[in-house]
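Overview (structure and organization)
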Amino acid sequence: MSYGDAMGARVRSEERRAAIVRAALEVIAERGYRGASMAAVAERVGLTQQGLLHYFPTKDALLVAVLEERDRWDAMPARQWRMDLLAPLVEYNAMRPGIIQTFAALLGESVTGGHPARGYFTERYVQVRRSMTEVLRAEYGDRLPNGLTPERVAPLLVAVMDGLQYQWLLDPESVDMPGAFRDFLSLLGEE
């Protein structure tokens, strides 16, 4: 096999993997992780289940790939986050309900014992709270105007962001996720 042929095969393989991950995102958003099957993902991308196993040998391996892909889409080094970027992030999330639905479904399921994404979400929240603490400290110093420390407010900030996502997913016509988040941010500065 020539170098060009090998490179072409590699590109096709990477494209197929990306298509499988996108299909898995869709299936998980529709059915949740426990309800999603490898057969459903394979069917969506036009593969046999055996063909899918060539790319992802287990359902857990596919889940990890889905979570990693989602992280790549949202990647920003923690030191680059600022308070003024949080409301635009919420607005951006409102434009991609499928991704938010998948994340919410996986997060909800991950609280059960033995779920393959439990460790991922546990570590993710440790890092997100740490990042939000740094963002709050950079904006307000060691105390917010309400007297609370950034360490005390960071979990509340994350809870509001995620809680609004769930409410918006359930009733997007009634919940203005970006507006409600901006309202919450205004509360942080009140005396």
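Provided above is the structure to which this section pertains.
Before going further, it helps to spend a moment on the packing of helix α6 (residues 97–110) against helix α8 (residues 150–170). Between α6 and α8, whose axes approach to 10 Å, the crossing angle comes to 115°. If you check the angle between α6 and α8, you find them roughly perpendicular. The way α6 lies across α8 gives a crossing that is left-handed. Facing Pro 97, Ile 100, Gln 101, Phe 103, Ala 104, Leu 107 and Gly 108 of α6, the residues of α8 in contact are Asp 162, Gln 165, Tyr 166, Trp 168 and Leu 169.

Looking only at helix α2 (residues 38–45), the buried set comprises Met 38, Ala 40, Val 41, Ala 42 and Val 45. Residue Gly 46 follows α2 closely and has a positive phi angle near 75°.

Turning next to the packing of helix α7 (residues 118–140) against α8. Here α7 crosses α8 at 115°, and the two axes come no closer than 8 Å. Along this stretch, α7 crosses α8, giving a crossing that reads as right-handed. Residues Tyr 125, Val 128, Arg 129, Met 132, Thr 133, Leu 136 and Arg 137 of α7 form the contact with α8, whose own contacting residues are Pro 150, Glu 151, Val 153, Ala 154, Pro 155, Leu 157, Val 158 and Asp 162. The class makeup of the residues in the contact of α7 with α8 is ten nonpolar, one polar and four charged.

Moving on, we come to helix α9 (residues 177–188). Compared with an ideal rise of 1.5 Å per residue, which puts twelve residues at 16 Å, α9 spans 17 Å between its outermost C-alpha atoms and is within 8% of the ideal. Every buried residue of α9 is listed here: Met 177, Pro 178, Gly 179, Phe 181, Phe 184, Leu 185 and Leu 188. Between the side-chain oxygen of the N-cap and the backbone nitrogen of Gly 179 there are 3.0 Å, and the N-cap of α9 in question is Asp 176.

Looking at the secondary structure, you find Arg 96 in the loop between α5 (83–94) and α6. Within the structure, Arg 96 has its side chain in polar contact with the side chain of Asn 93 (distance 2.8 Å).

Another point: the packing of aromatic side chains. Applying the stated criterion across every chain, the model contains three aromatic pairs. Consider the rings of Phe 103 and Phe 121, whose centres lie 5.3 Å apart with planes at 70°: the pair is edge-to-face. Note that Phe 103 is positioned in helix α6 and Phe 121 in helix α7, a separation of 18 residues in sequence. The pair formed by Phe 103 and Phe 121 is uniform in burial state, with each residue classed as buried. Aromatic pair Tyr 120 and Phe 121: ring centres 4.9 Å apart, planes at 80°, arrangement edge-to-face. A residue is classified by how much of its surface remains accessible, and Tyr 120, at 21% relative accessible area, is partly exposed. Put simply, the rings of Phe 103, Tyr 120 and Phe 121 touch in pairs and so form one group of aromatic residues.

Parameters at a glance
- Residues numbered from 1 in each chain as written.
- Predicted model: local features only at pLDDT ≥ 70, side-chain atom pairs only at ≥ 80, totals over all residues.
- Heavy atoms only, no water.
- Axes fitted to C-alpha atoms, helices over the stretch in contact; angles between N-to-C directions.
- Helix = DSSP H or I, 4+ residues; strand = E, 2+ residues; numbered from the N terminus.
- Parallel < 35°, antiparallel > 145°, perpendicular 65-115°, else oblique.
- Left-handed = near helix turned anticlockwise from the far one by under 90°.
- Contact = heavy atoms within 4.5 Å.
- Buried < 20%, exposed > 50% of the residue type's maximum accessible area, 1.4 Å probe, protein only.
- Nonpolar A, V, L, I, M, F, W, Y, C, P; charged D, E, K, R; others polar.
- Expected span 1.5 Å × (residues − 1).
- Polar contact = N/O pair within 3.5 Å; in protein donor to acceptor, adjacent residues only side chain to side chain.
- Phe/Tyr/Trp six-rings, centres within 6.5 Å; stacked < 30°, edge-to-face > 60°.

That's the geometry; what it means functionally is another story.
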